[in-house]
Amino acid sequence: MGEGVARFWREIPQRYNFIGNKCGSCKRIFFPPRESCPYCRRKSMGKMKDIKLNGKGEIVTYTIIHVSSEDFEEQVPYPIAIIKLDEGPQITAQIVDCNIDDVKIGMKVESTFRKIRQDGSTGAIYYGYKFKKVIEQ
Amino acid sequence: MRDVAVIGVGLTKFGELWDKSFRQLIAEAGAKAILDSGIEGKEIDAMYVGSMSSGRFVGQEHVGALVADASGFSNTHIPSTRIESACASGGLAVRQGYLSIASGMNDIVVVGGMEKMNDVVGASATETLATAADQEWEAFFGATFPGLYAMIATKHMHDYGTTKEQLAQVAVKNHANGALNPYAQYQREITIEQAMNATTVAYPLGLLDCSPVTDGAASIILCAADKAKEYIDKPVKIIGSGQASDSLALHARRDICTLDSTVYASRMAYKQANLTPKDIDFAEVHDCFTIAEICAIEDLGFVKKGEGGKAIENKITTLNGSLPVNTSGGLKAKGHPVGATGVAQVVEVTLQLRGEAEKRQVKDAKIGLAHNVGGSGASCAVHILEAM
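For the structure given in this document, a descriptive report is provided here. (Residues numbered from 1 in each chain as written. Chains lettered and ligands numbered in written order. Predicted model: local features only at pLDDT ≥ 70, side-chain atom pairs only at ≥ 80, totals over all residues. Heavy atoms only, no water.)

1. Structural notes on the nonpolar core
Counting 88 residues, the largest nonpolar core has Ile-83 and Phe-131 of chain A together with Tyr-149, Ile-291 and Ile-384 of chain B as its most contacted members. The element that contributes the greatest number of residues to this core is helix 6 (residues 145–160) of chain B, accounting for seven residues. Discounting residues that sit within four places of it in the chain, Ile-83 of chain A has contacts with Gly-57, Glu-58, Ile-59, Val-60, Pro-89, Gln-90, Ile-91, Ala-93, Ile-95, Val-109 and Phe-131 of chain A. By size, the runner-up hydrophobic cluster in this structure holds 38 residues, among which are Val-9, Ala-102, Leu-319 and Val-347 of chain B. (Core = buried A, V, L, I, M, F, W, Y, C linked by side-chain atoms within 4.5 Å. Buried < 20%, exposed > 50% of the residue type's maximum accessible area, 1.4 Å probe, protein only. Helix = DSSP H or I, 4+ residues; strand = E, 2+ residues; numbered from the N terminus. Contact = heavy atoms within 4.5 Å.)

Printed below as a string of structure tokens:
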């Protein structure tokens with residue numbers, strides 16, 4: 001089934017540039033951005049401010065996907081993890097540029113802009129974030 | 001609020017049912033439940049049917065009306081409503097039927113649940129199940145449905161020392177129970193070695209940690225409790241009903257290893273029934289993956305958080321244990337036609353409380369619990385039932 005392109009470009013600011021938002025009332029940070037703060041509710045209305053996240057965080061948990069949906073078949077096996085970002089929000093993303101066995105809970109990671117998948121050989125290509133291990137200087 | 005009783009139950013065989021269509025399955029389960037209940041049919045006030053994704057599995061929506069039609073009730077024009085909450089669609093349909101009688105609006109309702117999953121190829125079934133996850137923020141990045149539960153398992157093993165062998169023991173137990181259930185998809189036992197060495201689906205989960213793709217339907221007849229004995233000698237009363245929601249995405253939860261929707265739904269049901277987890281004699285829980293059963297017995301309050309793996313290892317939840325869990329074989333061995341599952345769980349609890357579970361009968365079964373989860377835990381329904 002073909003999907004409308006708008007579904008993807010409307011998420012570009014978040015997926016390309018890590019734009020989240022911050023509640024002007026309690027200062028909590030959200031990613032993806034929310035219309036209102038679930039803690040402050042009406043007090044947060046009109047006070048949600050966009051904020052760029054630094055794209056760094058730590059692996060909370062992970063799995064190695066061996067059986068994927070059709071869109072990701074050529075990538076298996078691939079690690080995918082829940083990452084706690086430095087600013088607080090947790091997200092789900094692939095871990096790349098390392099041996100599968102190196103992926104561990106607690107590993108420090110940083111985002112990297114990558115191709116996520118494409119619609120067949122002639123369809124749209126979708127980009128977004130993946131994460132790689134932070135190399136200590 | 002009025003008391004509500006289950007006065008009839010019906011199930012189709014669960015499995016790969018190539019010769020049966022979606023509408024045949026639900027009509028069969030409904031007819032069996034009506035026959036079991038002793039009602040004629042004209043007493044039925046309404047229908048509630050759970051179906052997760054008939055649109056993607058068989059290309060058919062508008063299934064509320066379809067089910068009424070297929071079961072021969074289009075000419076009585078009764079209201080028929082489809083309920084969707086991913087894998088908890090069936091449990092939520094039970095609750096909607098329950099509420100409609102408790103409120104006084106209806107006296108007798110049919111609750112059904114079904115899914116016909118084998119009319120699409122395997123990869124499409126996987127993709128459709130992934131629609132229970134957050135499409136924009138989980139599935140888009142390559143997370144699969146087994147992958148989400150695998151991440152719960154990785155964290156549970158890391159935080160509490162739960163082992164892959166304990167996960168395997170859940171599958172072995174549920175297959176042993178399924179071997180005693182003539183309606184189960186897999187009526188055969190498996191060994192620990194088979195479970196531990198099965199092909200990896202999403203590390204640490206292997207094929208035998210996962211519930212299968214299943215066709216099947218289930219139905220129950222609910223009735224105002226004060227009228228139940230007019231129809232059946234052994235009605236079973238619903239003494240607690242709870243439902244709760246949580247974030248759609250696993251990553252947004254308070255704790256990756258706790259399904260708060262289970263905690264809150266069960267708390268609601270226990271409170272209504274004026275019971276604690278200790279009062280439950282047996283339970284049907286949502287073991288879509290082996291780790292899900294371990295989380296379920298913790299989040300339902302049967303054991304402390306982190307002790308689920310040990311409880312399985314100590315055989316507390318086997319058929320002869322102190323708290324038998326998934327006597328039907330569970331989703332793992334009985335099969336998991338997603339929309340049917342929550343209704344089928346209530347069928348099993350009812351059969352146990354009526355003393356009609358045959359080879360898998362729990363001794364002195366007085367109070368049973370059914371626990372049905374949607375997605376990775378974004379929704380949950382819990383029902384507690386007692387023999388009348």
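2. Notes on unusual backbone geometry
Omega for the bond connecting Val-76 of chain A with Pro-77 of chain A falls within 30 degrees of zero, at -10°, which places this linkage in the cis form. A cis geometry characterises the amide bond from Tyr-203 of chain B onward to Pro-204 of chain B, with omega recorded as 5°. The phi angle at Phe-18 of chain A is positive, at roughly 55°, despite the residue not being glycine. Tracing the chain through its elements places Phe-18 of chain A in the loop between helix 2 (12–17) and strand 1 (19–23). A residue is classified by how much of its surface remains accessible, and Phe-18 of chain A, at 4% relative accessible area, is buried. With phi around 50°, Ala-86 of chain B is a residue other than glycine that occupies positive phi space. Inspection of the secondary structure puts Ala-86 of chain B in the loop between strand 3 (80–83) and helix 4 (89–102). For Ala-86 of chain B, a relative accessible area of 8% translates into the label buried.

3. Concerning the side chain of Lys-155 of chain B
Examined against the element boundaries, Lys-155 of chain B turns out to sit in helix 6. Excluding its chain neighbours within four sequence positions, the residues that come into contact with Lys-155 of chain B are Val-60, Thr-61 and Ile-105 of chain A together with Ile-256 and Cys-257 of chain B.

4. Considerations on the sheet that holds strand 10 (residues 367–374) of chain B
Residues and elements named next belong to chain B. Strands sit in the order 3-2-4-7-1-8-11-10-9 across an open sheet of nine strands; the sheet is mixed. Taken across any chain shown, the strands that pair with only one partner, and hence form the sheet edges, are strand 3 and strand 9 (282–284). Shown here is a sheet whose adjacent strand axes are inclined to one another by a mean of 25°, direction ignored. Pairing analysis gives eight bridges linking strand 10 to strand 11 (residues 379–387), with the strands arranged antiparallel. In the sheet register, Ile-367 faces strand 11, and the bridge partner there is Glu-386. (Pairing = 2+ DSSP bridges. Axes fitted to C-alpha atoms, helices over the stretch in contact; angles between N-to-C directions.)

5. With respect to the interface of chain B and chain A
Every contact between the two is made by 26 residues of chain B and, on the other side, 34 residues of chain A. Summing the contributions of chain B and of chain A, the shared interface buries around 2700 Å²; its carbon and sulfur component is 63%. When the buried area of chain B at its contact with chain A is split by residue, Trp-137, Phe-140 and Phe-141 of chain B rank highest and sum to 29% of it. Viewed at the interface, chain A and chain B are joined by two salt bridges. One salt bridge in this structure joins Arg-7 of chain A and Glu-136 of chain B, with 3.1 Å as the shortest N-O distance. Remark: the boundary between chain B and chain A carries 13 residue pairs in polar contact (both at pLDDT 80 or more). Elements represented by at least two residues in the side of chain B that touches chain A include exactly helix 5 (122–129), helix 6 and strand 5 (200–203) of chain B. For the side of chain B that touches chain A, the class distribution of residues is 13 nonpolar, eight polar and five charged. (Buried area = accessible area lost by both parts, 1.4 Å probe. Salt bridge = Lys/Arg side-chain N within 4 Å of Asp/Glu carboxyl O. Polar contact = N/O pair within 3.5 Å; in protein donor to acceptor, adjacent residues only side chain to side chain. Nonpolar A, V, L, I, M, F, W, Y, C, P; charged D, E, K, R; others polar.)

6. Side note on the state of the cysteines
By the definition in use, this model includes zero disulfides over all chains. Sulfur of Cys-26 of chain A: no disulfide; nearest cysteine sulfur belongs to Cys-40 of chain A and is 3.7 Å away. (Disulfide = S-S within 2.5 Å.)

7. Considerations on the side chain of Gln-90 of chain A
Within the secondary structure layout, Gln-90 of chain A lies in strand 6 (residues 90–96). Using a relative accessible area of 16% as the deciding quantity, one classes Gln-90 of chain A as buried. A polar contact of 2.8 Å, which involves the side chain of Gln-90 of chain A, links it to the backbone oxygen of His-251 of chain B. If we skip the residues at most four places from it in the chain, Gln-90 of chain A touches Phe-31, Val-60, Ile-82, Ile-83 and Lys-84 of chain A together with His-251, Arg-253 and Ile-256 of chain B.

8. Side note on the packing of aromatic side chains
In the structure shown here, the tally under the stated rule is 19 aromatic pairs over all chains. Relative to Phe-31 of chain A, the ring of Phe-18 of chain A has its centre 5.2 Å away and its plane inclined at 40°; by these criteria the two rings are tilted. Here Phe-18 of chain A, found in the loop between helix 2 and strand 1, pairs with Phe-31 of chain A, found in the loop between strand 2 (29–30) and strand 3 (48–52); they are 13 residues apart in sequence, far enough to count as distant. Per residue, the accessibility class of Phe-18 of chain A equals that of Phe-31 of chain A, and both read buried. Summarising the aromatic geometry, the rings of Tyr-62 of chain A and Tyr-203 of chain B are spaced 6.3 Å apart at their centres and angled 20° between planes, so their arrangement reads as stacked. In this pair, Tyr-62 of chain A is assigned in strand 4 (residues 56–65) and Tyr-203 of chain B in strand 5, connecting two distinct chains. Owing to a relative accessible area of 10%, Tyr-62 of chain A belongs among the buried residues under this scheme. On the basis of relative accessible area, Tyr-203 of chain B is assigned to the partly exposed category, the value being 36%. Members of the aromatic cluster, connected to one another through ring pairs, are Phe-8, Phe-18, Phe-31, Tyr-126, Tyr-129 and Phe-131 of chain A together with Trp-137, Phe-140 and Phe-141 of chain B. Between the NZ or CZ atom of Arg-267 of chain B and the centre of the ring of Tyr-264 of chain B, over which it lies, the distance is 4.8 Å. (Phe/Tyr/Trp six-rings, centres within 6.5 Å; stacked < 30°, edge-to-face > 60°. Lys NZ or Arg CZ within 6 Å of the ring centre and 35° of its normal.)

Read these as geometric descriptors, not functional statements.
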